[in-house]
Structures are given as structure tokens and as C-alpha cells.
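The lines below spell out each chain.
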Amino acid sequence: MRYIIIGAGAIGGVVGGRLAQAGHEVVLVARGAHLKALKEHGLRLTVPDGTSVHRLPAVESPDELGPLRPDDVLLLAVKIQDSPDALRTWGAAPVEGGGTAAERLPLLCAQNGVEGPRLALRVFRRVYAVCVWLPATFVEPGAVSAAGTPLTGILHLGRYPHGTDDTLHRISADLEKAPFEAPVVPDVTRWLYAKLLSNLGNALEALTGPVGSEEVTVLYDRVRAEAAAVLDAAGIAYAGAEEQRAARGDKITLVPLDGVPRGGGSTWQSLARGTGTIEADHLNGEIALLGRLHGVPTPLNELLQHLANTFARERRAPGSMPVAELVGMANSATDHPGCP
């Protein structure tokens, strides 16, 4: 199988680079300065066992590849807010022997949140979800890093909305040589919602810096408890803390990488790069949506969604909000829910 990585940033770049290291055929899809660097210098991948450069085909659109192959696997790793354009572009791509990618090829959604596979299923017939546990960083155009060892990451795989098949087991075998752990599970949405709960802290980190102080940890616990109440009210199942700890164990340990300062998570990185958009609508905003549908107040997640979007729109620096200011705003939001 050939892997086409649509969105070769932090997650997509690391997965693509590791698959290439393991001997698999990989195409990287990117744009702008990142695409230019990939074409001119290759993908520079830094991991605990060293830095390598991979000269891989890099394109912006499927037109540059010609008809796709029947054995192609599309891995969608763009931010969810960028999914609709990518799905339309790649879904319409012709495949050798007739038909389009949307009709014939498998699409894996390796994204935060739970909306990605649902968006994809509107376009593609064969959609798979990936619950991504992968500490990765977009270092600069053409360069990504992953600090985890001995495994680079853990990627739970499943058909969306449920089930498994032979294609997934083949993909899992390829990923486990990369080296990832890639369990194939029949209930992948349970893992996606569990990851969503942990990703609610992304906005906290982006606004105030690393979630380490007692004040921020307490606030994160309040944000997560609010979200758990929403999922329970909606009857949505998610993997519990013990199940997640058992799955992770000590398989991924973060180590310092020479010359690569560890940045924050995906939301923090979007702010640091000044992209102007952010994924908060599909993380904290997902909880706000479910809360409105099921009559559960979500003032804390609404606040974080609003602030994260404001930071992105105004291109503010990540970590620039004082913790005390955010805690004060959170207390006010819960004391007076619904007030601007």
C-alpha cells in the first residue's frame, strides 16, 4: 500500500516519516513554505534515536500525482477546521480503473476531536478513525519531531462509526513496524471521546502556558468534569482513566531532543505559528454543542472556546494570559452562566 499523508504537519509528518523509515511508500501533502521545504530539502525527522532526512514525493493537490492507485491509503491529518476543503479535493480525485477516491479508497482520520470522521463520511464510503496519542511537534517548514520512546505513539484504529476489517489489520501491521502501537478496536469512538476529554486542556495550555501549576490543574479538572457530565447526559460512552492508563502503560516516555525545544500541544502550536485559525470549536466547542443539545450548562468550555478563538484571530502569543486572570474569568462564568 502507498500512504498519502494529507496534511504533513506535526502528526502527519511524523507518521509519514516513520512509515518511510520502515520501508513503505509515502507521499506527503502540504502547502506554502512547508511544501517548498519538503520539495527542496526533504522531510527532516528528529526522534530520540537521531535525525534523518527523507526525500519523499511532496504535492499540494492530487492533480500532481495523476490517477491514484487502487492500493492507496489516504491519511487525513489536517486540523478539523481544514477538513472540508481537503475532503472535497481528494474525494474527487480519479483512481486507476475508474471511480474516485471517495468511492474506492480508504480514508483514515488522524485528528483531534470527534467531528473529523463524521465530516469524512459525508464524502467517503470507507472511513476509519484514528485515536492519536503521539507527542509530535512542527519544528519549522520541512522539519518535524517526536520525543516518544520506545514507541513513537499509540494509534487506536477502527472503522467509523464502529467495526473492523482486513484493511485495518494490514495498516496496523505497517504502523507497528514504524514503530507505533496500532491496536484495531471495534469501538474506536469510545477512544475518540476519551481523547476529547484530555484535549479540552489544549486551550488552557495555549492561553496560559503548560498545565503544571495547581491553579491551572484545578481549573482543568473543572473543565473536564463539566464535559464528562455532558457526555453522561448525552449517553456517550468513553474509555475511562484506568483503561487508558492500561493501554498506555510506560510505552511512551518523552525525552529531550537535541536542538528541538519541546513546544506545546496542537492548539499551542497553531498560535505559535500564527495560522489565524484554531481547533477549539471542535474541542471545547464540541462540549458546548452537546451541552446545548442536552440541556447541560457548559460555561467553562464556552469560555475557553471563545478565548482560544480570540487569541487565534488576533494572533496573540501562546501562554500570554496570566493564570489569575483566566481563573477569575472562569469563576465569573460559572457564577453567572450565560452572561457575556
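Everything quoted here is computed from the prediction, not taken from an experiment. (Residues numbered from 1 in each chain as written. Predicted model: local features only at pLDDT ≥ 70, side-chain atom pairs only at ≥ 80, totals over all residues. Heavy atoms only, no water.)

Caption draft 1: Broad picture of the sheet that holds strand 4 (residues 50–54). In spatial order, the strands read 4-3-10-9; together these four strands make up an open sheet with mixed pairing. The strands lining the two open edges of the sheet, one partner per strand, are strand 4 and strand 9 (136–140). Neighbour-to-neighbour, the strand axes of the sheet open up by a mean angle of 25 degrees, direction not taken into account. (Pairing = 2+ DSSP bridges. Helix = DSSP H or I, 4+ residues; strand = E, 2+ residues; numbered from the N terminus. Axes fitted to C-alpha atoms, helices over the stretch in contact; angles between N-to-C directions.)

Caption draft 2: Structural view of the pairing of strand 6 (residues 72–76). Across the five residues of strand 6, five count as buried, placing the element largely inside the fold. Of the two faces of strand 6, the one carrying D72, L74 and L76 and the one carrying V73 and L75 are both buried. As judged from the five bridges shared by strand 1 (residues 2–6) and strand 6, these two strands associate in the parallel manner. In the strand pairing of strand 6, I6 is matched with L76. (Buried < 20%, exposed > 50% of the residue type's maximum accessible area, 1.4 Å probe, protein only.)

Caption draft 3: Geometry of helix 9 (residues 214–234). The terminal C-alpha atoms of helix 9, which comprises 21 residues, lie 30 Å apart, in line with the 30 Å expected from a rise of 1.5 Å per residue. On its buried face, helix 9 is in contact with helix 7 (188–199), helix 8 (201–208), helix 12 (284–294), helix 13 (299–313) and helix 14 (323–335). Looking one or two residues past helix 9, G235 carries a phi angle of roughly 70 degrees, positive in sign. (Expected span 1.5 Å × (residues − 1). Contact = heavy atoms within 4.5 Å.)

Caption draft 4: Structural view of the pairing of strand 9. Note that strand 9 and strand 10 (residues 143–146) share four bridges and pair antiparallel. By the bridge assignment, T137 is partnered in strand 10 with S145. Taken together, strand 9 and the strand that follows it, strand 10, pair antiparallel across an intervening segment of two residues, in which G142 is found at a positive phi of about 90 degrees.

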